[in-house]
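# Tertiary structure, described
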Amino acid sequence: MAALTLFGSREANAFQEFIMEARTWWAAELFPRLREEYEVRKRLAEQEGRRVGKAEDVALLFSRSTLYQYFCWLERHVQKSKYSSSRWGLVAQLAREPERAEERLAAAKKGPLELDRSLRVPEYYEAHDIHQHPGNLHRDPHAALVYEASALSIHPKTKKNELHERFVEVVRREGEFSRVLDMGCGFGKSTVPLAHAFPRAEVIGVDVSGPCLELAAAEAARSRVANVRFRQADAADTRLPGGSFDLVTSTMLLHELPGPAVEATLAETRRLLAPGGVSIHLDFRTEDPFWQFIMYGHGVRNNEPFLEPLIRMDLADAYRRAGFDEVRIEPFAEREGATDPSNPFWRFPWAAIIARKVS
Amino acid sequence: MKSNDPVVGPEAEQTFFADPAIDRLVGMVFSLTAEVHVLRDRMKLLEDALAKRGLVDPAALDTMVPDGALEASIAAERSALVRHVLEALPGRLASKS
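Report follows, based on the coordinates. Because the structure is predicted, anything quoted here is derived from the model rather than measured. (Residues numbered from 1 in each chain as written. Chains lettered and ligands numbered in written order. Predicted model: local features only at pLDDT ≥ 70, side-chain atom pairs only at ≥ 80, totals over all residues.)

## Let's talk about the environment of Phe345(A)
All names here are of chain A. Mapped onto the elements, Phe345 comes out in the loop between strand S7 (326-331) and strand S8 (350-356). Of the residues examined, Phe345 has 16 C-beta atoms within 10 Å and is grouped as partly exposed. In this structure the C-alpha to C-alpha distance between Phe345 and Pro98, which are 247 residues apart in sequence, comes to 37 Å. (Helix = DSSP H or I, 4+ residues; strand = E, 2+ residues; numbered from the N terminus. Buried ≥ 20, exposed ≤ 12 C-beta atoms within 10 Å, placed from the backbone.)

## A few points about the environment of Arg23(A)
All names here are of chain A. Along the chain, the position of Arg23 falls in helix H1 (residues 10-47). Judged by the 21 C-beta atoms lying within 10 Å of it, Arg23 is buried. Residues Arg23 and His77 lie 54 residues apart in sequence; the distance between their C-alpha atoms is 10.0 Å.

## Re the sheet that holds S7(A)
Residue and element names in this part refer to chain A. Spatially, S1-S4-S3-S2-S5-S6-S8-S7 is the arrangement adopted by the eight strands of the open sheet, whose pairing is mixed. The two strands at the open ends of the sheet, each matched to only one other strand, are strand S1 (113-114) and S7. In the sheet, S7 pairs with S8 via six bridges, with the strands oriented antiparallel. Across the sheet, the residue bridging to Val327 is Ala355, located in S8. Most of the contacts of helix H8 (residues 162-173) go to strand S5 (residues 245-251), to which it runs at about 150°, and overall it touches S5, strand S6 (273-284) and S8. In the packing of helix H11 (residues 259-272) onto the sheet, contacts are made with strand S2 (179-183), S5 and S6, and the angle to S6 comes to roughly 145°. (Pairing = 2+ DSSP bridges. Contact = placed C-beta atoms within 7 Å. Axes fitted to C-alpha atoms, helices over the stretch in contact; angles between N-to-C directions.)

## Remarks on the packing of H1(A) against helix H3 (residues 66-84) of chain A
Residue and element names in this part refer to chain A. At a minimum axis distance of 10 Å, the contact between H1 and H3 shows a crossing angle of 160°. Regarding the angle of H1 to H3, the classification is roughly antiparallel. Every pair of crossing elements has a handedness; the one defined by H1 and H3 is left-handed. Of H3, the residues touching H1 (which contributes Gln16, Ile19, Ala22, Arg23, Trp26, Leu30, Arg33, Leu34 and Glu37) are Leu67, Tyr68, Phe71, Leu74, Glu75, Val78, Ser81 and Lys82. Looking at the contact of H1 with H3 residue by residue, the class counts come to 10 nonpolar, two polar and five charged. (Parallel < 35°, antiparallel > 145°, perpendicular 65-115°, else oblique. Left-handed = near helix turned anticlockwise from the far one by under 90°. Nonpolar A, V, L, I, M, F, W, Y, C, P; charged D, E, K, R; others polar.)

Right, dumping it as structure tokens:
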């Protein structure tokens, strides 16, 4: 791997490289040991006549596990250090190098961006610093750069942008599209690949975070993608004309929303689609009690309180209630072989939720 | 995810070990390890640069005694190191959860 050049400071870069290494070790070395421990504890429990069929049963198995305590600690604190270390954390270091941030964001002024200064972020968004990001994604003007830097160490062993490029391949399998909306687009990590994949389409990304949209627009201007624009709006109430898209997507949006906002976002998705239009929301689903236990804990440890409710939600039913006729939930591999049961590494249990508005 | 800690209140960091002292201790060990890495990274860069210029014999560094500006610089470094290593001790949140 090439040396990190996030910051002008070599020390800060070396610290963030250490964080990435620690996160990778956690995912690729510690997690497989935890999984092995689970198999042993499960076998012993079943020999004693105890059934292990739910996440709560798995929690009981790990209630006295030293390994699990360290697993949790590292998951919480590697992330916390990455953001909040007083010495070289992303927030502190970016504040020390504001000119670097300004230079990255300068292109946003020429970018395809429509901000809504009157938009109030939803209450749930204001209430939690998701991912342990101090101030969340909407307060600090440089928050998107912090988020972008943080994302580097979220998916160990996955190449940069690989997940988003593979998502575009899933989209392509559903057809050709000419009017595309990417909800909760963040800094445009999926929106821009969608615009590249469908060069004749008009692609719009919406998000409530102004700083994220500024970075998205800056990147779009820098990479000269002509068919994309960004607009500040809540996915649950975009104020865009009904029936005006043939594809509505999101990646990693739904699990950040409380139940009523998920329902409203699905209803808005359907309202925005023209008849025959397709929606693909990429998020997390798992029926495996071990993975449910891991993900529920991840939600707590990473300040994502709506992750567990989303995994527990009957999504197919929620789609039907939103008026969708056809819904498929398919496992999604963020890299080759990721969904293979023999893959020993920690990962998110991605799923593409594909729905069509027939009429 | 709000803490129910009756003493610290909502600012209390999550804990995972039976004794929260261990949580904070591991925090110090983790930060210290990061410090060691960053230091070794810098040392490798420095030794490489100096050796390429023929300015330093790495073996002679062992007997040097810092003074003046160098000593002050090392003191500032030491202060930041102590703050970094010990910042896990209060057990407070850095972000709202």
